[in-house]
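Residues per chain, in single letters:
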Amino acid sequence: MTTPSKTKLAQDLKSGALSLTLAEIAEDAARVILPFWRNGAAVETKADDSPVTQADRAAEALILERLVAAYPGVQTVAEEAVAAQGAPEAAEGWFWLIDPLDGTKGFIRGGEAFTVNIALIHDGYPVAGVVTAPATATTWRTEAPGAGALRRQFGDVQEGEAHAGAEWRPIRVRDRPQEGLALLSHSVTDEEAARLAARHGCTRWQGTDSSLKFCLIAEGRFDAYPRSGPTSEWDTAAGQAVLEAAGGRVLADDGQRLAYGKPRFLNGPFVAMGG
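Focus on the packing of aromatic side chains
In step 1: If you walk through the whole model with that rule in mind, you get seven aromatic pairs.
In step 2: Judged by centre distance (6.1 Å) and plane angle (15°), the ring pair of Phe 214 and Phe 270 falls under stacked. Placement of the pair is Phe 214 in helix H7 (residues 212-218) and Phe 270 in strand S16 (residues 270-273), with a sequence separation of 56 residues. Here Phe 214 matches Phe 270 in class, with each residue buried.
In step 3: Put simply, the rings of Trp 37, Phe 107 and Phe 114 touch in pairs and so form one group of aromatic residues.
In step 4: Taking NZ or CZ as reference, Arg 141 lies 4.3 Å from the ring centre of Trp 168, over its face.
In step 5: Directly above the ring of Tyr 260 sits Lys 262, whose terminal nitrogen or CZ lies 5.0 Å from the centroid.

Some remarks on the environment of Lys 8
In step 1: With respect to the helices and strands, the residue Lys 8 is situated in helix H1 (residues 4-15).
In step 2: Lys 8 sits in the partly exposed class, given a relative accessible area of 39%.
In step 3: Placed 199 residues apart in sequence, Lys 8 and Gly 207 show a C-alpha to C-alpha distance of 40 Å.
In step 4: Residues within four places of Lys 8 in sequence aside, it is in contact with Ala 70 and Tyr 71.

About the thresholds
- Residues numbered from 1 in each chain as written.
- Predicted model: local features only at pLDDT ≥ 70, side-chain atom pairs only at ≥ 80, totals over all residues.
- Heavy atoms only, no water.
- Phe/Tyr/Trp six-rings, centres within 6.5 Å; stacked < 30°, edge-to-face > 60°.
- Helix = DSSP H or I, 4+ residues; strand = E, 2+ residues; numbered from the N terminus.
- Buried < 20%, exposed > 50% of the residue type's maximum accessible area, 1.4 Å probe, protein only.
- Lys NZ or Arg CZ within 6 Å of the ring centre and 35° of its normal.
- Contact = heavy atoms within 4.5 Å.

Treat this as a map of the structure, not an account of what it does.
And the structure:
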């Protein structure tokens with residue numbers, strides 16, 4: 001059934017207004033997170049042995065409140081809500097995937113590579129997404145479908161001003177150079193990282209945390225991000241949306257586009273690629 005909210009959702013997606021709204025929400029979530037960064041935030045351990053902090057929960061609460069206010073009735077699948085209450089039994093045609101603080105381990109260590117992630121999924125694939133890096137005040141987002149991807153430094157732009165302030169600049173993947181450069185998760189060994197990089201035509205590699213890897217490929221600084229270990233769909237959806245809008249691809253192990261709404265919202269192996 002089509003509801004007024006989902007009609008507005010589809011209209012805002014088509015016009016590009018939706019991704020601006022998501023950018024505003026993600027940047028406001030970044031402002032919630034930053035006071036906890038490098039400030040001794042208390043750490044708890046979830047059932048899957050992954051860490052969670054008050055910053056994760058506060059950011060997710062803001063994101064969920066704002067999304068429900070803007071687009072009521074759209075299913076939400078958010079990392080901390082799933083950890084506390086379990087995942088929905090099935091994905092709906094339209095749903096949000098939310099990771100309020102991807103790269104929590106690095107955040108706890110005081111590193112900069114942590115991100116806020118919000119993606120809209122329609123019929124199994126990401127159609128809009130925003131990734132914000134609070135530590136560097138950088139946001140990447142999709143434009144209207146088919147119109148590319150954008151990046152900006154939001155810096156001192158005040159709360160609620162994503163539509164103004166710093167200028168959005170287009171980003172695009174680069175053509176694959178003769179010696180490709182891969183990004184890998186810090187969770188893999190050097191030996192495994194070298195093997196994965198070589199498998200995807202890259203002679204060099206660098207480790208970093210979070211969905212930042214998708215965005216660095218999207219803006220043409222790196223060429224591939226192969227992942228063999230498990231991830232959740234909220235870890236990848238927003239980054240995939242941005243990378244695909246910038247001309248890249250994210251492929252599952254079977255060579256098909258990475259899809260969403262899978263059982264327990266879990267991903268298998270995949271590779272994210274630029275040009």
